[in-house]
There are 2 protein chains.
Amino acid sequence: MEYYSEKISRLISELGSLPGIGTKSAQRLAFHILDLPKEKVERLTGTILEAKAGVKYCSKCFCLTDRDICPICSNPNRDPKTVMVVETTRDMAAYERIGKYNGLYHVLNGVISPMLGIGPQDIKIRELILRLQQDEIEEVVIATNSSVEGEATAMYISKLIKPAGIKVSRIANGIPVGGDLEYIDEVTLLRALEGRIAL
Amino acid sequence: MEYYSEKISRLISELGSLPGIGTKSAQRLAFHILDLPKEKVERLTGTILEAKAGVKYCSKCFCLTDRDICPICSNPNRDPKTVMVVETTRDMAAYERIGKYNGLYHVLNGVISPMLGIGPQDIKIRELILRLQQDEIEEVVIATNSSVEGEATAMYISKLIKPAGIKVSRIANGIPVGGDLEYIDEVTLLRALEGRIAL
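Residues numbered from 1 in each chain as written. Chains lettered and ligands numbered in written order. Predicted model: local features only at pLDDT ≥ 70, side-chain atom pairs only at ≥ 80, totals over all residues. Heavy atoms only, no water.

Enquirer: Sorry if this is basic, but what is going on with the overall build of chain A here?
Expert: Looking only at helices and strands, chain A features 7 helices and 6 strands. For 199 residues, the compact-globule formula gives about 16 Å, and the C-alpha radius of gyration of chain A, at 22 Å, lies well above that figure. With the C-alpha coordinates aligned to their principal axes, the bounding extent of chain A is approximately 65 × 45 × 35 Å. Sorting the 199 residues of chain A into buried and exposed places 41% on the buried side. Contacts spanning at least 24 positions in sequence make up 47% of the contacts within chain A whose residues lie at least 6 apart. A total accessible area of about 11400 Å² is found for chain A, and carbon and sulfur atoms account for 54% of it. (Helix = DSSP H or I, 4+ residues; strand = E, 2+ residues; numbered from the N terminus. Rg over C-alpha atoms; globule rule 2.2 N^0.38 Å. Buried < 20%, exposed > 50% of the residue type's maximum accessible area, 1.4 Å probe, protein only. Contact = heavy atoms within 4.5 Å. Areas by Shrake-Rupley, 256 points an atom, 1.4 Å probe, with all protein chains shown as cover.)

In structure tokens form, the structure reads like this:
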């Protein structure tokens, strides 16, 4: 990128270090930003800094929020007896989008991954157990991803919680709606068969 | 995006207003930024603001640069008798990348587009004419895009310059290298035929 002057090159390489932004997109973004009015650029950088400074974990469910207790945890209309365990705030938002789940969440902010050196103590599992001891919770729905790490984390949490007599469930594996059986992997096909529902 | 708290939503919508960044990418970027150490976030915003404040037009060729005269215009090894006319600084960089063009550039910073209300006076055509009058230039290579607007701009510039006795050329239309004739549009096929070269 020596074809651009230093300040432009540095901007391109900074933008290119963001996830999903390749060199071409970074160039496009950089020139777009250089083309924006000064106020808009300042609003962009201001918003970034403000979010970075103001966003923290909800002290109850550990999702990322700018309040002490997030809007979901502080909503009296949500059912406090059901807690869905998810890996990230984005996974929580994915379930919020469908608008059909009315319980609370617990965001692990990660997943157990021995490969990456992430153990149970590195994610919010201890905090989940504490919550289960303090609050009256009847069901824990484990909605970690359907990856090796997500499954292992689900198993780990399930084994920890079950002895306390709390109902533990796991979101279903199966054919995605609209999916074509021909293109679906064998493990998913098997899980879909095992999890079949009487009609 | 009411599933996220206000500061996060605002960050996502700011990032989503950038070109090529959809809602999903904006969310991914936002959480990546929130996850970065504070210093890295400050470096990112600092680089953006610095580039915005320090980048201006080269006073000779009107490319975007952080100097008065860009590195290409001030390079004594470049041939000052040939000027390639391009639409944007990015187009200039595209030709610089191949490293085979040794002349100078003139960046129009736009293209004549009656649809968008952009006339010849809105892009750097007057400045090109001035340059041709002041400097000893033998050939002008017009390398605007091969779009309707790019072609119209090329024709307009060509008609302005030709009477001064300066050689004017246009980069060739044809089959892209590696291109499959079967999938190439008719106009390109015709241009490739018309522009055939004796072997």
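Structure shown, so let's carry the discussion forward.
Enquirer: Explanation requested: the relation of the copies chain B and chain A in the structure shown.
Expert: Two copies of the chain are present, and they differ by a rotation about an axis and a shift along that axis. Superposition record for chain B on chain A: RMSD 0.1 Å, screw rotation 179°, translation along axis 0.0 Å. Both copies of the chain, as the preceding transformation shows, are related through a two-fold rotation axis. Residue Thr 45 of chain B, judged by its C-alpha, is the member of chain B lying nearest the rotation axis, at 2.6 Å. Looking at the interface residues of chain B, 100% of them are also at the interface in chain A, so both copies use one shared face. (Least-squares fit on C-alpha atoms with pLDDT ≥ 70 in both.)

Enquirer: How should a positive patch on the surface be read in this particular structure?
Expert: A cluster of basic residues, Lys 24 and Arg 28 of chain A together with Arg 90 and Arg 97 of chain B, forms a positive patch on the protein surface. Contributions of two or more residues to the positive patch are made by α2 (23–35) of chain A together with α4 (89–98) of chain B. Within the element layout of this structure, Arg 97 of chain B appears in helix α4. (Patch = residues over 30% accessible without salt bridge, like charges linked within 9 Å, V, L, I, M, F, W, Y side chains within 5 Å. Salt bridge = Lys/Arg side-chain N within 4 Å of Asp/Glu carboxyl O. Lys, Arg positive; Asp, Glu negative; His and termini not counted. Charge placed at Lys NZ, Arg CZ, Asp CG, Glu CD.)

Enquirer: Help me understand the pattern of salt bridges in this model?
Expert: Two side chains with opposite charge may pair up if their charged atoms get near one another. Using the criterion set out here, one finds 20 salt bridges over all chains in the structure. Residues Glu 14 of chain B and Arg 43 of chain A are paired through a salt bridge, measuring 2.6 Å at the closest nitrogen-oxygen approach. Of this pair, Glu 14 of chain B sits in helix α1 (residues 6–16) while Arg 43 of chain A sits in helix α3 (residues 38–54), which puts the two residues in different chains. Among the residues examined, Glu 14 of chain B registers a relative accessible area of 10% and is labelled buried. Since its relative accessible area comes to 48%, Arg 43 of chain A is described here as partly exposed. Among the ionic pairs, Lys 56 of chain A bridges to Asp 68 of chain A, the shortest N-O distance being 3.5 Å. Separated by 12 residues along the polypeptide, Lys 56 of chain A in strand β1 (residues 56–57) and Asp 68 of chain A in the loop between β2 (64–65) and β3 (79–86) bring together distant segments of the chain.

Enquirer: What is the right way to read the nonpolar core from this model?
Expert: Nonpolar side chains tend toward joint burial in soluble globular proteins. Ranked by internal contacts, the top residues of the largest apolar core, which has 42 residues, are Ile 8, Leu 15 and Leu 34 of chain A together with Ile 8, Leu 15 and Leu 34 of chain B. Looking at this core, the elements that each hand over two or more residues are α1 (6–16), α2 and α3 of chain A together with α1, α2 (23–35) and α3 (38–54) of chain B. (Core = buried A, V, L, I, M, F, W, Y, C linked by side-chain atoms within 4.5 Å.)

Enquirer: Can you walk me through the pairing of strand β4 (residues 103–107) of chain B in this structure?
Expert: Walk down a regular strand and you will see the side chains alternate between the two sheet faces. Residue and element names in this part refer to chain B. Summarising burial for β4: 5 of the 5 residues are buried, a large majority. Here 5 bridges tie strand β3 (residues 79–86) to β4, and the two strands are oriented parallel to one another. Bridge assignment links Val 85 to a residue of β4, and that residue is His 106. (Pairing = 2+ DSSP bridges.)

Enquirer: Would you mind showing me how to read the pairing of strand β5 (residues 139–142) of chain A here?
Expert: Residue and element names in this part refer to chain A. Burial of the side chains of β5 extends over both faces: Glu 139 and Val 141 are buried on one face and Val 140 and Ile 142 on the other. For β3 and β5, the ladder comprises 4 bridges, and the chain directions are parallel. The partner of Thr 82 across the bridge, within β5, is Glu 139. Both β5 and strand β6 (residues 167–170) contribute to a ladder of 4 bridges, which runs parallel. Considered in β6, the bridge of Ile 142 is made with Arg 170. After leaving β5, the chain enters helix α6 (residues 148–161) and then returns to the sheet as β6, a path that is right-handed. (Right-handed = clockwise from strand over helix to strand, strands pointing away.)

Functional significance is not addressed by these values, which are geometric in nature.
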